[in-house]
Amino acid sequence: MSTEAASTPAPPGPLDDAEYRYLPGLVRAYLIVLPGVIRNPPEYFVQVARRYGGVVTLSPRRIFLVADPDGVKHVVQDNHTNYIKGPRYKVLKPLMGDGLFSSDGELWKRQRRLVQPAFQKKHHPRMAEIICSATASMLDRWEANAAARRAIDARGEVILLTLEILLRSMFSGDLIGHEPVLREAVIEYEKHMDLVGAVNLAKLPAWFPSAGRRRFQGAVRTLEQFIFRVVKERRRTQTDNGDLVSLLLWARDEETGQPMSDRQIRDELMTMLQAGHDTVSDAVAWTWFLMAKHPGVRDRVEQEVDSVLGAQPPQFGDLARLPYTDRVIQESMRVYPPAWVFARTPVEDDVIGGYHIPAKSLVVISPYVTHRLPELWENPETFDPDRFLPERSEARPRFAYYPFSAGPRQCVGASLAMLEAQMIIAMAAQRYQLAADPGLSPGLKPRISLTADCTLWLTPVSRARAAREP
Ligand code: HEM
């Protein structure tokens, strides 16, 4: 331990309060912190950060919340080599293996070099075509709902849409005929990706052969068998379709010239399937909900979309001319950041914000909390897209807002996610207003992605009809 770390105090926190002081720290953490974390983790973390500051002890020497922008910058950027994903991310291994999201060290570095080129902007026009055609089919389907004034399950719709976009962009023609089975498999394994469940002590141990676990394993097997089959066939025929499988298959490490193994390709594709559609679905569903609750915002999106696109489908190049729509999505991800929490394990003792953080502890980082700190955001609970106007953003620290994290492990799919969200929101706004029941008031269901705790039922009203019956 460095002398600096050894002589610095632990961060303050709820365990400093007088209650149960006679009990050991870990027991106090169970009694004082755990109930809040299980009841409503995002809101509990906001409460403790507002009360104790941007670096908080949740369990003595074991678990810390870091929400202050300088602290977050220190962990994910300035001293990132000291902060690994570590053993806690093992829970994702059955699904993601050694993919980018869950790996560390040299393996992560090598994979990032290989995978990153697949997400370069030069691939976006092709992605935009896939997004556009899949979104148009979804919006066509909504005609029947609009005619019958029947609500859609907003998140459910975007889950299917983003899954279709990902599967098509990964496998292109090889997908034909397999889509329903693969879609079902993804939806099945998703039911098991529950973050709160992962820390629930009453959960069955990992080796216990429960029916749910068997269904999870079956779903993973369906997907990986399909991936292995496609990869094998592509290697045999030397096909390069320009899709994600091809980009990964033909990628070569610029330092060693090595390709990826089939196993590694499987891990990266499973990682993207998981990391790449739940999050986008929540971002879009929350944005629609917020637009429905703020008609003034919705009207401005419609005006912008009408003046830039008219009734034409958006091309990739149009998106830069939709700055208000972009601000609405940014603000929606401030209020409801899909990746509301992530974590790191310090390899060595460290000091954050003047407090001692021991090696091997758990450092919890939450965009949800930082995005609501009153010292960074005026009226943080208010939905106000114009707070992202350049002139109102200048003075804000870089790490006041990080829905995609930042630094070397920033989300590799960030610009793809924004492309998807912008196109889906713009295309839906061309045709429909989405109306929410006045009583719809969702709470939070913090899975790996931040989901509403109830179905977001929204009724599509065709724009022509909305203009006739304001
Ligand atoms: C609104 C949508 C999205 C949000 C909010 C989001 C957010 C994030 C965040 C915060 C991280 C860092 C997590 C950590 O450090 O523990 C991350 C990592 C990652 N994301 Fe995303 N993501 C989104 C969409 C996507 C998409 C569309 C893809 C790919 C198709 C993707 C693939 C990944 C991968 C592979 C990583 C791991 C990167 C690495 O560690 O090198 N994400 N994402």
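Right above here is the structure, for reference.
Criteria and thresholds
Residues numbered from 1 in each chain as written. Predicted model: local features only at pLDDT ≥ 70, side-chain atom pairs only at ≥ 80, totals over all residues. Heavy atoms only, no water. Helix = DSSP H or I, 4+ residues; strand = E, 2+ residues; numbered from the N terminus. Buried < 20%, exposed > 50% of the residue type's maximum accessible area, 1.4 Å probe, protein only. Contact = heavy atoms within 4.5 Å. Near = heavy atom within 4 Å. Polar contact = N/O pair within 3.5 Å; in protein donor to acceptor, adjacent residues only side chain to side chain. Nonpolar A, V, L, I, M, F, W, Y, C, P; charged D, E, K, R; others polar. Salt bridge = Lys/Arg side-chain N within 4 Å of Asp/Glu carboxyl O. 1 Å grid on protein atoms, 1.4 Å probe; cavity = no way out; pocket = protein on both sides within 12 Å on 5 of 7 lines; lining within 4 Å. Points joined across faces, edges and corners; volume = space filled by probe spheres on them. Donors = N, O, S within 2.8 Å, 3.2 Å for Na, K, Ca; no water. Core = buried A, V, L, I, M, F, W, Y, C linked by side-chain atoms within 4.5 Å. Pairing = 2+ DSSP bridges. Axes fitted to C-alpha atoms, helices over the stretch in contact; angles between N-to-C directions.

Enquirer: Which parts of the structure should I look at to understand the environment of Tyr336?
Expert: Position of Tyr336 among the secondary structure elements: in the loop between helix H15 (323-335) and strand E5 (342-346). Given the relative accessible area of 12%, Tyr336 is considered buried. Excluding residues that lie within four positions of it along the chain, Tyr336 makes contacts with Trp286, Phe289, Leu290, Leu444 and Leu450.

Enquirer: I tried to follow the site of the ligand on my own but got confused; where do I start?
Expert: Neighbouring the ligand are 26 residues, the closest being Trp108, Arg112, Arg344, Arg409 and Cys411. Arg112 places a polar side-chain atom, nitrogen or oxygen, 2.7 Å from an oxygen atom of the ligand. If you list the elements that add at least two residues to the shell around the ligand, you get helix H6 (105-115), helix H13 (262-293) and E5. Element by element, the count of residues in the shell around the ligand is highest for H13, at five residues. Here the residues of the shell around the ligand are counted per class, giving 17 nonpolar, five polar and four charged.

Enquirer: Is there a simple way to explain the pattern of salt bridges in this structure?
Expert: Where charged atoms from two side chains of opposite charge approach closely, those side chains can pair. This structure, assessed with the given rule, holds 35 salt bridges. For Arg50, the salt bridge is made with Glu381, and the minimal N-O distance between the two is 3.2 Å. With Arg50 in helix H3 (residues 41-52) and Glu381 in the loop between helix H16 (367-370) and helix H17 (390-393), this residue pair connects regions lying 331 residues apart in the sequence. A salt bridge links Arg266 to Glu224; the nearest nitrogen and oxygen atoms lie 2.6 Å apart. A residue pair is termed long-range when its members are at least 10 positions apart, and Arg266 in helix H13 and Glu224 in helix H11 (residues 211-237) qualify at 42 residues. Taking the relative accessible area as the measure of exposure, Arg266 reaches 1% and is therefore buried. Given the relative accessible area of 16%, Glu224 is considered buried. Connected through salt bridges with shared partners, the residues Arg298, Asp299, Glu302, Asp306 and Arg463 form a single ionic network.

Enquirer: Would you mind showing me how to read empty space enclosed by the protein here?
Expert: A water-sized probe, rolled over the atoms, reveals where empty space remains. Considering all chains together, one arrives at two cavities of 30 Å³ or more under this definition. If you list the elements that add at least two residues to the lining of the largest cavity, you get helix H7 (124-148) and helix H12 (244-249). Looking at which element gives the most residues to the lining of the largest cavity, the answer is H7, with three residues. Its residues assigned to classes, the lining of the largest cavity comprises six nonpolar, five polar and two charged. Estimated volume of the second largest cavity: approximately 70 Å³. Around the second largest cavity, the lining residues are Trp288, Met291, Arg298, Glu302, Ile425, Ala428, Ala429, Tyr432, Gln433 and Leu434. Of all the secondary-structure elements, those providing two or more residues to the lining of the second largest cavity are H13, helix H14 (295-309), helix H18 (414-431) and strand E9 (432-436).

Enquirer: Is there a simple way to think about the coordination of the iron atom of the ligand in this case?
Expert: As a benchmark, a tetrahedral metal site with four donors has ideal angles of 109.5 degrees, while an octahedral site with six donors has ideal angles of 90 or 180 degrees. Just one protein atom coordinates the iron atom of the ligand, and that atom is Cys411 (SG), at 2.3 Å. For Cys411, the position within the fold is in the loop between H17 and H18.

Enquirer: I'm lost on the nonpolar core in this one. Help?
Expert: Inside soluble globular proteins, nonpolar side chains tend to come together where they are buried. Counting 143 residues, the largest nonpolar core has Phe45, Trp142, Phe171, Leu273 and Trp288 as its most contacted members. Look past the residues within four positions of Phe171 in its chain and what remains in contact with it is Phe226, Ile227, Val230, Arg234, Asp243, Val245 and Leu269.

Enquirer: Any chance you could explain the sheet that holds E9 here in plain terms?
Expert: Judged by pairing direction, the sheet is antiparallel, and its three strands sit side by side in the order E4-E12-E9 without closing on themselves. On the outer flanks of this sheet lie strand E4 (152-153) and E9, each paired with one strand and no other. Of the pairings in the sheet, the one linking E4 to strand E12 (residues 457-462) comprises two bridges and is antiparallel in character. Each bridged residue has a counterpart across the sheet, and for Ile152 the counterpart in E12 is Leu458. In the packing of H13 onto the sheet, the strands contacted are E9 and E12, and the crossing angle to E9 comes to about 80°.

Enquirer: Teacher, can you tell me more about the side chain of Thr135 here?
Expert: Mapping Thr135 onto the fold places it in helix H7. Polar side-chain contacts of Thr135 include one of 2.6 Å to the backbone oxygen of Ile131. With residues near it in sequence (within four places) discarded, Thr135 still touches Leu161, Ile424 and Met427.

Enquirer: I tried to follow unusual backbone geometry on my own but got confused; where do I start?
Expert: Negative phi is the rule for most residues except glycine; trans is the rule for most peptide bonds. With a phi angle near 70°, Lys360 is a residue other than glycine that sits in the positive phi range. Mapped onto the fold, Lys360 is located in the loop between strand E7 (355-357) and strand E8 (362-365). Overall, the relative accessible area of 68% leaves Lys360 in the exposed class. With a phi close to 60°, Ser405 is a non-glycine residue in the positive phi region. Turning to its location among the elements, Ser405 is positioned in the loop between H17 and H18. Of the residues examined, Ser405 reaches a relative accessible area of 9% and is grouped as buried.

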